[in-house]
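Remarks on the overall topology
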Amino acid sequence: MNARMLKTEEYLVEKEPYYEPVGNEVAIFEAAYRNRLPILLKGPTGCGKTRFMEHMAWRLKRPLVTVSCHDDLTASDLVGRYLVKGGETLWVDGPLTRAARTGGICYLDEIVEARKDTMVVLHPLADDRRVLPIEKLGVLLEANPEFCLAISYNPGYQSVLKDLKQSTRQRFVALEFDYPFPELEKKIIVAETAIDAPVAERLVKFAHMTRNLKGSGLEEGASTRLLVHAAKLIVTGVAPVAACRSAIAQALTDDAEMLAAVQELSSSLF
Amino acid sequence: MSELTPLTVQDIARALEEWLEVEFTFLQVGELATAIAGLSRHDQDFLLDWTRRISTTNIEIAYQFARRALSRLALVDRRILEAWALHAMDTYDSVGLRPALGIIQQDPFAGHGHERAAGALFDDVRGILLTFVRGLSGRPLKIAQGEVPYTDTETLFLPPVVAQLPSLQDNFALCKATATFLWAQTRFGSFRSGLTSVFAGYPDPDRAAARFHALESLRLDTCIGRELPGLARDIRRLNAALGHDGLPAPWASYRDILSQPAARAEDTLALLASAYAAPALPLAFYHGHLRLAAVEQAMSQRMQREKVWLRVKLAELAEELHPAHSPAEGTPPQFAVTQSDDDKTGLAQLELTLDGVPLAPPEGVRQLLTSIHLDLGGIPADYLTPAGPGEYDLQQWAERTKDPDDVWQGTYHEEGATLYREWDFRRQHYRKNWCVMREKDVLPVDDGFAEQVLQKYSGFVSRLRQSFEMMRDEDRLFKRQSNGDDVDIDALVEALADARDGREMSECLFTRMHRAERNIAVMFMIDMSGSTKGWINEAEREALVLLCEALETLGDRYAIYGFSGTTRKRCELYRIKRLDEPYTQEVRARISGIRPQDYTRMGFAIRHLTELLAATDARTKLLVTLSDGKPDDYFDGYRGEYGIEDTRQALFEARRSGIHTFCVTIDQEAQGYLPHMYGRSNFVLINEVRQLPLKVADIYRRLTT
Ligand SMILES: Nc1ncnc2c1ncn2[C@@H]1O[C@H](COP(=O)(O)OP(=O)(O)O)[C@@H](O)[C@H]1O
Ligand SMILES: [Mg+2]
């Protein structure tokens, strides 16, 4: 069996990632970073959290390590483990340890998806000790002063199981994300896809219609990400109603009646 | 294709005589039978089948239907005739024979119906259109069936069938246009209070109302055109197909005024005097009707209610944000609403501030603000004063907080209840809103019953706990992994041996814990019917104590509800333990307090518990019924096949929403009907109390491994 592949990416962001600030999040992030405070990004999926992290990594000129959390993610996956290679044991740092050592930004996306015990290793890193206990090595790693811990969490999935514990959340500076205001969202779609502004405007309207359905059959409305997808299809020549169906409606639901209703909404707009 | 031979007059007459019970009803079937005999076999079968189905509901309706449908067969699509029959039966179910006969007599397709039209049926379009209008901005609206299209500003009423155009697609589009126009009336402020008195100022108030409706149709059509250009295109096409176009003289100039983006209902009223004198403007079907009495009633109730709610919610919000702000200490919290006119996304963006600081209002407050804004065109200052403590008797304003027992005092009404449909196998269709269901609490009895049971079965209980503990979130250890949390000693020893012998050493030397987190929610539905009186009730209660004891070791979510009832109007579910409720002393006392009640109507219980289960996010959902016998109810026909078929249908619905259903029974004759309801492998027969938890453990194992 092969070593399990972790979904991690680590890189130094060289080109400025396009990010449209919605409020004062850039200033708050910078202030938190200077004060070595960990950061929690709250908000629905596809509203720009990942893009924001890339942008901040570029601004602060730190390498970014992103880990997408899932229900099999253990503490060892983050911290590191021994492997055996040609009869020799070999310690391999996990992404969290690597970032803490080298002074990178470690971004744990959708933190509540990870197993509960994973959270425990974050605690000493997230308070003013800023240390990472590596049990297997018997050491306490003091984080590099440039190291930054950021986690994201979607409070939309209201479920006791998937709630962030007080003991965790109270260690973080929280930044609240939401879908951008209509004007801004339109601007983002145009910037990302070069679509005509009037079409972008209708896409935003359509998004709001689906967001109205949150709780009446849809778990979430269309995110900015989905609008960008639809706009890309339209720019390539797909008819708007078809693009909305493939890129947005199908991503939101499998329910035939809901699909039909959402389709009626988009065909009323375009 | 071979044609079947038509039935003879004699065959038909004999069948009709039987279904229509002519022996007692003295209905004349001779002429009818002769006429039916002249139809093709295909038409005969259709007509006779529906006559028989309707006759199980009411003979008179069946007879009238047969006579009327006879002449419609050639003209109208079958689906429409079916819808017509069902609509008549629904009407019979809800309001009685006379209105139902009215439906049959007042042929809804006369006049405008297209020949053989493929009509859009209310039941088919309701779901889609409800979601559709919820997606549009504004107040969350409801959709219900009415004889003509209109709205009271909270519900959009659509007719049972729309068959204006030949194709189903176009008729659906027409329904959608209708729903949209009615929505536009609420969304773009057609209705301000006081319209009735404005119209009363005219010699002929009805004429004034009609002119107002016509003027508004001009204004709203252009609003729809701006908001929903795709739909406006459809409407133009439908209008052309219906021959509805062109505006007579003064109306074209009214339209020029009312199609301005800034035009409001006030501008419409300003034109009313002039339009009053003008000839009538024929409206399109989708413009619906104006039912001002319904509008004003709904509006005045809503406006009072929403003012109270808003003020109460703002008080809560102020308390939450500034707990120190007690009214005694002077400065009361100051709420204000600012409005940024963002017409591009539809509704004006309303922003709430508290003492000058903007805040994100909770969803409930936001909806109230929107709804009030739609009614009044703004938020009056007195709406924004938080309610003082005890200022309102909330009981009076809450929508559904009545104590079910109070509701039953006096005459029957359906306040505080949930209505469920029921499957009528003879009709081969549901009876809508048939069962009136209420949740009630079991009266707890604190008599140490649970402790006694645990004592009585003490040896068994510890064995039971053990066997359930074995099922706990099993941590399975995977061996010989290339990475993991611990060293796999066996693998290591082998590898070292290999290395010494000069063979290549394996790198898979670790063990790894794999946690299969079971995510299950279980609902136990307990028979509390009168027939459980005596040892069965005792046995059920004992079994529940043992069951809870066992389930507690697992940490899974589970709930217990008892069911019973007398007739469809009194279907009761008794809360013993809710899904999110811990197993407390109170719950134990409720188990002890389970007492046999009335009859065994089952469908409503399954449907309600299915909804509760469906609302959880558990990966595995399980509904286990514990019953002593088959469905049965007091002389409204639930006994026998009807009850069994309804139960079976309800279970089918549950399975369709992803719920596993099982039945544990102590009825020794269950073999006869349970497989039919639950499926061959989904029921078990037990003859001893202590078997229940063991059987439940079996079911768990089957589902989770
Ligand atoms: N404020 C923003 N500035 C620029 N692009 C944005 C912004 N918000 C959303 N986007 C677009 O939406 C897409 C999805 O955002 P992403 O950051 O992946 O969402 P999240 O991490 O919140 O799930 C991005 O790829 C980008 O195209
Ligand atoms: Mg992301």
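Conventions used here
- Residues numbered from 1 in each chain as written.
- Chains lettered and ligands numbered in written order.
- Predicted model: local features only at pLDDT ≥ 70, side-chain atom pairs only at ≥ 80, totals over all residues.
- Heavy atoms only, no water.
- Helix = DSSP H or I, 4+ residues; strand = E, 2+ residues; numbered from the N terminus.
- Buried < 20%, exposed > 50% of the residue type's maximum accessible area, 1.4 Å probe, protein only.
- Contact = heavy atoms within 4.5 Å.
- Lys, Arg positive; Asp, Glu negative; His and termini not counted.
- Charge placed at Lys NZ, Arg CZ, Asp CG, Glu CD.
- Core = buried A, V, L, I, M, F, W, Y, C linked by side-chain atoms within 4.5 Å.
- Phe/Tyr/Trp six-rings, centres within 6.5 Å; stacked < 30°, edge-to-face > 60°.
- Pairing = 2+ DSSP bridges.
- pLDDT = per-residue confidence, 0-100.
- Expected span 1.5 Å × (residues − 1).
- Domains from an automatic or database assignment.
- Buried area = accessible area lost by both parts, 1.4 Å probe.
- Salt bridge = Lys/Arg side-chain N within 4 Å of Asp/Glu carboxyl O.
- Nonpolar A, V, L, I, M, F, W, Y, C, P; charged D, E, K, R; others polar.
- Axes fitted to C-alpha atoms, helices over the stretch in contact; angles between N-to-C directions.
- Polar contact = N/O pair within 3.5 Å; in protein donor to acceptor, adjacent residues only side chain to side chain.
- Near = heavy atom within 4 Å.
- Areas by Shrake-Rupley, 256 points an atom, 1.4 Å probe, with all protein chains shown as cover.
- Parallel < 35°, antiparallel > 145°, perpendicular 65-115°, else oblique.
- Left-handed = near helix turned anticlockwise from the far one by under 90°.

1. Quick word on the overall build of chain A
Assigned secondary structure in chain A consists of eleven helices and ten strands. Overall size of chain A, expressed as C-alpha extent along the three principal axes, is 65 × 40 × 40 Å. Here chain A, with 270 residues, has 53% of them falling under the buried criterion. Of all intrachain contacts in chain A linking residues separated by at least 6 positions in sequence, the fraction that spans at least 24 positions is 72%. The centroid of the 33 positive side-chain charges in chain A is displaced by 3 Å from the centroid of its 36 negative side-chain charges.

2. Re the nonpolar core
Leu203(A), Ile248(A) and Leu129(B) are the most contacted members of the largest nonpolar core, which has 64 residues in total. Top contributing element to this core by residue count: helix H9 (residues 168-187) of chain B, with ten residues. Apart from the residues within four sequence positions on either side, Leu203(A) is in contact with Ile195(A), Leu227(A), Ala230(A), Ala231(A), Ile234(A), Cys244(A), Ile248(A) and Phe270(A). By size, the runner-up hydrophobic cluster in this structure holds 44 residues, among which are Tyr457(B), Val545(B), Val624(B) and Val696(B).

3. Side note on the packing of aromatic side chains
Aromatic ring pairs are defined here through the distance separating the ring centres and the angle between the ring planes. Applying the stated rule across the entire model yields 13 aromatic pairs over all chains. Look at Phe29(A) and Phe52(A): their rings are 5.5 Å apart centre to centre, the planes differ by 85 degrees, and that puts the pair in the edge-to-face class. Here Phe29(A), found in helix H1 (residues 25-34), pairs with Phe52(A), found in helix H2 (residues 49-60); they are 23 residues apart in sequence, far enough to count as distant. The same class applies to Phe29(A) and to Phe52(A), which are both buried. Between Phe65(B) and Trp84(B), the aromatic rings sit 5.7 Å apart at their centres with planes inclined by 55 degrees, giving tilted as the arrangement. Here Phe65(B), found in helix H5 (residues 59-72), pairs with Trp84(B), found in helix H6 (residues 78-95); they are 19 residues apart in sequence, far enough to count as distant. Each member of the pair, Phe65(B) as well as Trp84(B), carries the same accessibility label: buried.

4. As for the pairing of strand S7 (residues 349-354) of chain B
Residues and elements named next belong to chain B. Two strands pair when backbone bridges link them, and strand S6 (residues 335-340) and S7 are joined in this way by six bridges, in the antiparallel orientation. Paired with Ser340 across the two strands is Gln349, which belongs to S7. With three bridges connecting them, S7 and strand S8 (residues 357-359) associate as antiparallel partners. Looking at S8, one finds that Thr353 is bridged to Pro358.

5. Digging into the confidence of the model for chain A
Close reading of the predicted structure is inappropriate where its pLDDT is low. Of all residues in chain A, 93% attain a pLDDT of 70 or more, and the chain-wide mean is 89. Contacts for the low-pLDDT stretch residues 1-7 of chain A, under 50 throughout, to residues beyond four places or in other chains number 16 contacts.

6. Some thoughts on helix H24 (residues 603-614) of chain B
With twelve residues, H24(B) should reach 16 Å at 1.5 Å per residue; the first-to-last C-alpha distance of 16 Å fits that figure. Across the twelve residues of H24(B), nine count as buried, placing the element largely inside the fold.

7. So, the sheet that holds strand S2 (residues 142-145) of chain B
Residue and element names in this part refer to chain B. With mixed pairing, three strands are arranged side by side in an open sheet as S2-S4-S3. Sheet topology places S2 and strand S3 (150-151) at the edges, where each strand pairs with a single neighbour. Taken together, the two bridges between S3 and strand S4 (residues 155-158) define a ladder with antiparallel strand orientation. By the bridge assignment for S4, Tyr150 is matched with Phe157.

8. Some words on the domain arrangement of chain A
All names here are of chain A. Split into domains, chain A comes out as domain 1 (2-176) and domain 2 (182-269). At the junction of the two partners, domain 1 supplies twelve residues and domain 2 supplies eleven residues. Counting the surface lost from both domain 1 and domain 2, the interface buries some 850 Å², and carbon and sulfur atoms represent 52% of this. Its largest share of buried area at the contact with domain 2, domain 1 owes to Tyr18, Glu20 and Gly46, together 53% of the area lost on that side. Seen at the junction of domain 1 and domain 2, the total is two salt bridges. Between Arg51 and Glu192 there is a salt bridge whose closest N-O contact spans 3.0 Å. In the side of domain 1 that touches domain 2, the residues fall into six nonpolar, four polar and two charged.

9. Regarding the sheet that holds strand S14 (residues 520-527) of chain B
All names here are of chain B. Across the sheet, which stays open at both edges, the eight strands sit in the order S9-S10-S16-S15-S14-S17-S18-S19 with mixed pairing between neighbours. Edge strands, defined here as strands with exactly one partner in the open sheet, are strand S9 (418-424) and strand S19 (683-685). Sheet twist, expressed as the mean angle between neighbouring strand axes with direction ignored, is 25 degrees. Bridge count for S9 against strand S10 (residues 429-441) is six bridges, and the pairing is antiparallel. Considered in S10, the bridge of Asp424 is made with His429.

10. Let's talk about the domain arrangement of chain B
Residues and elements named next belong to chain B. For chain B, the assigned domains are domain 1 (9-117), domain 2 (120-290), domain 3 (294-397), domain 4 (449-470 + 518-704) and domain 5 (475-515). For domain 2 and domain 3, the distance between their C-alpha centroids amounts to 30 Å. Taken together, the 18 residues of domain 2 in the interface contact 18 residues of domain 3. Between domain 2 and domain 3, roughly 1400 Å² of surface is buried when both sides are summed, and carbon and sulfur atoms account for 51% of that area. Among the residues domain 2 hides against domain 3, the three largest losses belong to Arg139, Arg187 and Arg192. Together they make up 34% of the total. Counting across the domain 2 and domain 3 interface gives three salt bridges. Residue Arg305 is joined to Glu154 by a salt bridge in which the shortest nitrogen-to-oxygen separation is 3.5 Å. On the surface where domain 2 and domain 3 come into contact, there are eight residue pairs in polar contact (both at pLDDT 80 or more).

11. As for the site of ligand 1
Residue and element names in this part refer to chain A. The full set close to ligand 1 counts 16 residues, and Gly46, Thr50, Arg51, Glu192 and Arg225 are the nearest of them. Contact between ligand 1 and Glu20: a nitrogen atom at 2.9 Å from a main-chain N or O atom of the residue. Between an oxygen atom of ligand 1 and a main-chain N or O atom of Arg51, the distance comes to 2.8 Å. Against a free-state accessible area of 560 Å², the protein chains account for coverage of 91% of ligand 1. Sorting the residues of the shell around ligand 1 by element identifies H2, helix H7 (182-193) and helix H9 (224-235) as the ones contributing at least two each.

12. Structural notes on the interface of chain A and chain B
Counting residues at the interface gives 39 residues for chain A and 38 residues for chain B. Each partner contributes to the roughly 3200 Å² buried at the junction of chain A and chain B, and carbon and sulfur atoms together form 52% of this total. For the pair chain A and chain B, the number of links is two salt bridges. Among the salt bridges present, the one from Glu264(A) reaches Lys176(B), with a minimum N-O distance of 2.6 Å. The interface formed by chain A and chain B holds seven residue pairs in polar contact (both at pLDDT 80 or more) in total. Among the secondary structure elements, those contributing two or more residues to the side of chain A that touches chain B are helix H3 (75-79), strand S4 (80-85), H7, helix H8 (197-212) and helix H11 (256-269) of chain A. Per-class residue counts for the side of chain A that touches chain B are 15 nonpolar, ten polar and 14 charged.

13. Comments concerning the packing of helix H1 (residues 9-19) of chain B against helix H3 (residues 30-37) of chain B
Residue and element names in this part refer to chain B. Where H1 meets H3, the closest approach of the two axes is 8 Å, and the angle between their N-to-C directions is 130 degrees. With respect to each other, H1 and H3 are oriented oblique. Between H1 and H3 lies a crossing of right-handed hand. Mapping the contact onto sequence places Val9, Ile12, Ala13 and Leu16 in H1 and Leu32, Ala33, Thr34, Ile36 and Ala37 in H3.

14. Let's talk about the environment of Ala497(B)
Locating Ala497(B) in the fold gives a position in helix H21 (residues 489-500). Under the relative-accessibility criterion, Ala497(B) is labelled partly exposed at 28%.

15. Here's the deal with unusual backbone geometry
Backbone geometry at Arg130(A) places phi at a positive 50 degrees, although glycine is not the residue there. Among the structural elements, Arg130(A) can be located in the loop between helix H5 (118-126) and strand S7 (131-134). Despite not being glycine, Arg480(B) has its phi angle at roughly 50 degrees, a positive value. Examined against the element boundaries, Arg480(B) turns out to sit in strand S11 (residues 475-481). Given a relative accessible area of 38%, Arg480(B) falls into the partly exposed group.

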